[in-house]
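Here is what each chain is made of, one letter per residue.
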Amino acid sequence: TIALKHGAHRMGNRTDADMVRWRSLRFGQFIHWGLYAIPAGEWNGKTYNGAAEWIRSWKEMPHKAYDQLYRQFNPVNFNPQQWAAQAKAMGAKYMIITTKHHDGFCLWPSKYSKYTIAASPWKKDLLGPMIDAYNKAGIDVHLYFSIIDWNHPDYRASLKNAADSAAGKRFQVFVKNQLAELLQRYPTIKGFWFDGTWDDSWKNDGAFSDELEQYLQALHPGLVMGSRLRADEKGARHFDSNGRLMGDYEQGWERKLPATIADVHGNDWEAVMTVPENQWGYHAKWMGHVKTVNEILEMLVKSVSLNGNFVLNFGPKADGTYRAEEQQLAAGIGEWMKVNGAAVYDGTYAGFEKQDWGYYIRKSGTDSVYMVVFNMPVSGSLRVKLPARTELTGVSMMQGNVALAPEWIGRNEYFIHLPNKQQESPMVILLKTVKGENKDKGNVEKAR
Ligand SMILES: C[C@@H]1N[C@@H](c2nc3ccccc3[nH]2)[C@H](O)[C@@H]1O
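Definitions and limits used
- Residues numbered from 1 in each chain as written.
- Predicted model: local features only at pLDDT ≥ 70, side-chain atom pairs only at ≥ 80, totals over all residues.
- Heavy atoms only, no water.
- 1 Å grid on protein atoms, 1.4 Å probe; cavity = no way out; pocket = protein on both sides within 12 Å on 5 of 7 lines; lining within 4 Å.
- Points joined across faces, edges and corners; volume = space filled by probe spheres on them.
- Helix = DSSP H or I, 4+ residues; strand = E, 2+ residues; numbered from the N terminus.
- Nonpolar A, V, L, I, M, F, W, Y, C, P; charged D, E, K, R; others polar.
- Near = heavy atom within 4 Å.
- Polar contact = N/O pair within 3.5 Å; in protein donor to acceptor, adjacent residues only side chain to side chain.
- Areas by Shrake-Rupley, 256 points an atom, 1.4 Å probe, with all protein chains shown as cover.
- Phe/Tyr/Trp six-rings, centres within 6.5 Å; stacked < 30°, edge-to-face > 60°.
- Buried < 20%, exposed > 50% of the residue type's maximum accessible area, 1.4 Å probe, protein only.
- Lys NZ or Arg CZ within 6 Å of the ring centre and 35° of its normal.
- Core = buried A, V, L, I, M, F, W, Y, C linked by side-chain atoms within 4.5 Å.
- Salt bridge = Lys/Arg side-chain N within 4 Å of Asp/Glu carboxyl O.
- Pairing = 2+ DSSP bridges.
- Axes fitted to C-alpha atoms, helices over the stretch in contact; angles between N-to-C directions.

Student: For the layout of surface pockets, give the residues involved together with the corresponding values.
Tutor: To find leftover empty space, a probe the size of one water molecule is rolled over the atoms. In this structure, the largest pocket encloses a volume near 310 Å³. Lining the largest pocket are 17 residues; nearest its centre among them are W336, Q399, S425, P426 and M427. Elements represented by at least two residues in the lining of the largest pocket include exactly α8 (293-305), α9 (324-340) and β18 (427-435). When its residues are assigned to classes, the lining of the largest pocket shows seven nonpolar, eight polar and two charged.

Student: Requested: an account of the site of the ligand, with residues and values cited.
Tutor: H32, E53, W54, H101, H102, Y144, W193, D195, W198, E254 and W280 make up every residue found near the ligand. In the model, a nitrogen atom of the ligand is placed 2.7 Å from a nitrogen or oxygen of the D195 side chain. When the ligand is considered free in solution it has 390 Å² of accessible area, and contact with the protein chains removes 74% of it. Here the residues of the shell around the ligand sort into five nonpolar, three polar and three charged.

Student: Describe the packing of aromatic side chains, with residues and values.
Tutor: This model, assessed by the stated rule, comprises 27 aromatic pairs. Where F192 meets F194, the ring centres are 5.5 Å apart and the plane angle is 40 degrees; that geometry is what we call tilted. Accessibility expressed as a relative area gives 0% for F192, which makes it buried. With a centroid separation of 5.5 Å and an interplanar angle of 90 degrees, the aromatic rings of W202 and F208 are classed as edge-to-face. Residue classification places W202 among the buried residues on the basis of a relative accessible area of 6%. Under the relative-accessibility criterion, F208 is labelled buried at 10%. What links up through ring pairs into an aromatic cluster is the set W33, Y70, F73, F78, W83, F105, Y115, W122, F314 and Y322. Positioned above the aromatic ring of W122 is the side chain of K124, whose terminal nitrogen or guanidinium carbon lies 3.8 Å from the ring centre. Cation over ring: K176 sits above Y215, and NZ or CZ is 4.5 Å from the ring centre.

Student: Lay out the nonpolar core with the relevant residues and their values.
Tutor: Counting residues in each nonpolar core, the largest one holds 95 residues, and the members touching the most others are W33, Y134, F192 and L312. Counting residues in hydrophobic clusters, the runner-up holds 21 residues, among them M371, V384, L392 and M397.

Student: Explain the pattern of salt bridges residue by residue, including any values.
Tutor: A complete count under the given rule lists 24 salt bridges for this structure. A salt bridge links K203 to D200; the shortest N-O distance between them is 3.9 Å. You can see K203 and its partner D200 sitting in helix α6 (residues 200-203), three residues apart, about one turn around the helix. Overall, the relative accessible area of 27% leaves K203 in the partly exposed class. A relative accessible area of 37% places D200 in the partly exposed class.

Student: Explain the sheet that holds strand β14 (residues 381-385) to me, using residue names and the numbers behind them.
Tutor: The strand order across the open sheet built from three strands is β14-β17-β16, with neighbouring strands paired in antiparallel fashion. The sheet terminates laterally at β14 and β16 (407-410), the two strands that pair on one side only. With strand direction ignored, the average angle separating the axes of adjacent strands in the sheet is 30 degrees. Two strands pair when backbone bridges link them, and β14 and strand β17 (residues 413-417) are joined in this way by five bridges, in the antiparallel orientation. The residue of β17 that forms the bridge with R383 is F415.

Here it is in structure tokens:
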């Protein structure tokens, strides 16, 4: 291995209470809200085909025009209690809110910037009421913070000369001050979700990202911060130059999921997902495919089956309301989660051989394994191969707690014959297992 001062400082996952809690929540809500919701992907009658929150980088959007939008930001229909109720009904257990996106506009009245909500017609802090409402609803809050800051005069994508380096140093002080300010103002937040850390100016100062992580942990012990914050002193990001994960979980799964358990290398990880192909902030015209309830449920269940968290993104309008598609999606997901959430919360990788019908999820630290069926076989019979030294002591449908009698089909294999092959939404079956010898057939009958 290479000697590193600013690489990973920990082998293996964190096991403290804050991380155990984060891992158990499994399902989060991302909220991208800011000035970009005003143009909403359109300007001067033209539609921007990129991600709405990047419109300032569009050649048709004069920077000056974008930078004046704060004068119009007045979310008169903002109702944080309603937002929290919607998230609770959906089954989200944590929420990540953009404190400031790449444009640098702060949703809180930061004393380190003039480009904040205080300068808008709304004037008042938006983060505090949100954090209070979500915490009251029993939902943890994490703060998204973009290192890239297009508004700040000292932001540099790369440091080309002494003047750049001096600006870069001033900018690092600004970043540290804003983060300390957020922790001081919002002491109940559980973590930071850093973004915009791909520019050379950040990548080439791994020492600063390391010191910043340690500074924040010292200020607020237990904070959960992903790998996207971090670079090592050789410019390696997420994974240090020895291939070890930096930060508390792998934070690279943006609009994509790992395929198999091998892809996550035993690390904690989290995927963040958009409802359309690639829109985080509110875009008036969603183009292309909009994901359905069942598609989102499969991503959530697949993530948990591979030991990860899944976060679904919402982009509120400039007035503080949600578009109908997002409201319907939240409600539909919540309906399924109300009945089947036990299979998701506190879920982990089960250690069973993957089958085509869907995913296994083990309730953390127990012998209870859930089967979540997405692909009903034409036979209506679900194949289960037990891992070594595992015996099956009970099988039941989650819906209605109906007992099922599996058929032993040789060695460690069983068929679970379903009474009804019809399926409108993912079906959950609970397997009770014990550590045993699974030496011969029919041990389920004996155990009955
Ligand atoms: C969580 C997501 N990360 C930001 C982002 N900007 C990118 C620029 C290039 C490639 C990927 C990006 N993701 C998106 O704007 C959103 O905030």
